[in-house]
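Each chain, letter by letter, is given below.
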Amino acid sequence: MSNTFSDNAQIEVVSTFSELTNTVFQGTVNAICWKRDLFGNFKEIVSKLQLKENITEVYIEDLLALELSEEGVAAREIILNDLKQLTDFGALPSLNLLKSYDRDDELDFISTDVYSYHVDRSPVGTDTFLCTYHGAASDIISNDQVEQKILIPKIREKLKELHNGPEEEFETFLKEYFFDLHYEPKPNAEPVNLGLGHLWRLAVDHPSQQVLPCVHRAPVENDGEYRLLLIC
């Protein structure tokens, strides 16, 4: 799996938050990375937070209540600053302590959970921001290395059987149940792992978007390790 950002035609690398938010998606670029080497003990923060559900939202007051070492305090300041900058920008960031996401195992021929390669869709102009501070990090993949699952003949046939309705309503059915958002990697595809500490901005499918939406997936979590993820 590739982790080289700078020579990837899908990714633009920047060095400030301002560049991250102001750089325009164009051409094949649908992922922008504020590449950072963060100082601080994020593992300490994770060890002192309490997991209440498989996905537990962590609030600013939760972070401020933690008794931390100097390195833990440094990590906390980075998280608080990221939350502030994104909020000031107009986003609604959420910090999550993650054991796992729900799995979609209802259908045996297509997966539509976040572990499947997918794109985000919004009715309004927006982007997805994310940063993994601790644990396994997400993957992205270029659009020419995936195939939309609903176009794979054997999957499409089974979806038509599942729909069991008028042909003219089939495409609406696919969108209504989000089947059209999911992708299958082609043979020899090379995903890019987003790594730890970098703040990413990913293109979303919406009417005013000038580029293809960024195909991404949540990682399978490492055994016995929680993820600490900022997302909005």
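Above: the structure in question.
Everything quoted here is computed from the prediction, not taken from an experiment. (Residues numbered from 1 in each chain as written. Predicted model: local features only at pLDDT ≥ 70, side-chain atom pairs only at ≥ 80, totals over all residues. Heavy atoms only, no water.)

### Quick word on the pattern of salt bridges
Part 1: This model, assessed by the stated rule, comprises eight salt bridges.
Part 2: One salt bridge connects Lys 48 with Glu 44, and the closest N-O pair in it is separated by 3.7 Å. Remark: Glu 44 and Lys 48 occur in helix H2 (residues 42-48); sequence separation between them is four residues, near one turn of the helix.
Part 3: Judged by its relative accessible area of 41%, Lys 48 is partly exposed.
Part 4: Residue Asp 88 is joined to Lys 84 by a salt bridge in which the shortest nitrogen-to-oxygen separation is 2.7 Å. Pair noted here: Asp 88 and Lys 84 are both in helix H4 (residues 70-89), with a separation of four residues, about one helical turn.
Part 5: Overall, Asp 88 belongs to the exposed group, its relative accessible area being 56%.
Part 6: Salt bridges here are not isolated pairs; linked through shared partners, they connect Arg 121, Asp 180 and Asp 205. (Salt bridge = Lys/Arg side-chain N within 4 Å of Asp/Glu carboxyl O. Helix = DSSP H or I, 4+ residues; strand = E, 2+ residues; numbered from the N terminus. Buried < 20%, exposed > 50% of the residue type's maximum accessible area, 1.4 Å probe, protein only.)

### Digging into the packing of aromatic side chains
Part 1: Across all of its chains, the model carries nine aromatic pairs by this definition.
Part 2: Measuring from ring centre to ring centre gives 5.3 Å for Phe 42 and Tyr 133, while their planes differ by 15 degrees; the resulting arrangement is stacked. Of this pair, Phe 42 sits in helix H2 while Tyr 133 sits in strand E6 (residues 127-134), and the two are 91 residues apart along the sequence. Pair check on accessibility: Phe 42 and Tyr 133 agree, each one buried.
Part 3: Taken together, a centroid distance of 6.1 Å and an interplanar angle of 75 degrees make the contact between Tyr 101 and Tyr 115 edge-to-face. A residue pair is termed long-range when its members are at least 10 positions apart, and Tyr 101 in the loop between strand E4 (94-98) and strand E5 (117-118) and Tyr 115 in the loop between E4 and E5 qualify at 14 residues.
Part 4: Owing to a relative accessible area of 9%, Tyr 115 belongs among the buried residues under this scheme.
Part 5: Grouped by ring-pair contacts, the aromatic residues Phe 17, Trp 34, Phe 89 and Phe 129 constitute a single cluster. (Phe/Tyr/Trp six-rings, centres within 6.5 Å; stacked < 30°, edge-to-face > 60°.)

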